[in-house]
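Structural overview for review
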Amino acid sequence: MQIDETLLQRLEKLSYLQIPQEHREEMIAQLSEIVSFVDNLSELSTEGVDASFAMSDAATALREDIGNVDRTINDTILSHAPHSQEHFFIVPKIIE
């Protein structure tokens, strides 16, 4: 796959990013390098390798969901707010 200005513009649109003009050539080179690396992976022979070789039969260890409330964190955050009351931020009314 060839990375060019047209593809870069399309990627910008899809990702909602805007790449500055001075970084476009560098970005095209980096993306080309990534695509080249991925193309090399397609040359690997996976014949005889079980499709689930990296999977484990062991279940993920679960923990009990216990809430932990540390009021000092809340108080520290609220201490930086211009207005707060009863552990809540007070903001200006924006809807009439």
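Rules and cut-offs
- Residues numbered from 1 in each chain as written.
- Predicted model: local features only at pLDDT ≥ 70, side-chain atom pairs only at ≥ 80, totals over all residues.
- Heavy atoms only, no water.
- Helix = DSSP H or I, 4+ residues; strand = E, 2+ residues; numbered from the N terminus.
- Buried < 20%, exposed > 50% of the residue type's maximum accessible area, 1.4 Å probe, protein only.
- Contact = heavy atoms within 4.5 Å.
- Core = buried A, V, L, I, M, F, W, Y, C linked by side-chain atoms within 4.5 Å.
- Arc of directions from axis to C-beta.

1. Focus: the overall build of the protein chain
- Broken down by element type, the protein chain carries three helices and two strands.
- The helix and strand sequence of the protein chain, counted from the amino end, reads α-α-α-β-β.
- Projected onto its principal axes, the C-alpha coordinates of the protein chain cover approximately 60 × 50 × 25 Å.
- For the protein chain, the proportion of its 96 residues judged to be buried stands at 10%.
- Within the protein chain, counting contacts between residues at least 6 apart in sequence, those at least 24 apart form 22% of the total.

2. Regarding the nonpolar core
- Counting six residues, the largest nonpolar core is built from Ile3, Leu7, Leu8, Ile19, Ile28 and Val35.
- Counting residues per element, the ones that place at least two in this core are helix H1 (5-15) and helix H2 (24-41).
- Contact partners of isoleucine 28, with chain neighbours within four places excluded, come to Ile3, Asp4, Glu5 and Leu8.

3. So, the environment of leucine 7
- Within the secondary structure, leucine 7 is located in helix H1.
- In sequence terms leucine 7 and histidine 87 are 80 residues apart; their C-alpha atoms lie 50 Å from each other.
- For leucine 7, the residues in contact, after removing those within four places along its chain, are Met1 and Gln2.

4. So, the side chain of arginine 24
- One can find arginine 24 in helix H2.
- Residue class for arginine 24 comes out buried when judged on its relative accessible area of 6%.
- With near-sequence residues (within four places) excluded, arginine 24 lies in contact with Glu5, Leu8, Gln9, Glu12 and Ile19.

5. Some points on H1
- Restricting attention to buried positions, one finds in H1 the residues Leu7, Leu8 and Glu12. For H1, the angular spread of the buried residues around the axis is 145°, confining them to a single face. Of the residues in H1, the exposed ones pointing more than 90 degrees away from the buried face are Thr6, Arg10, Lys13 and Leu14.
- Looking at the buried side of H1, the elements it contacts are H2.
- Tyrosine 16 sits one or two residues past H1 and shows a positive phi near 55°.

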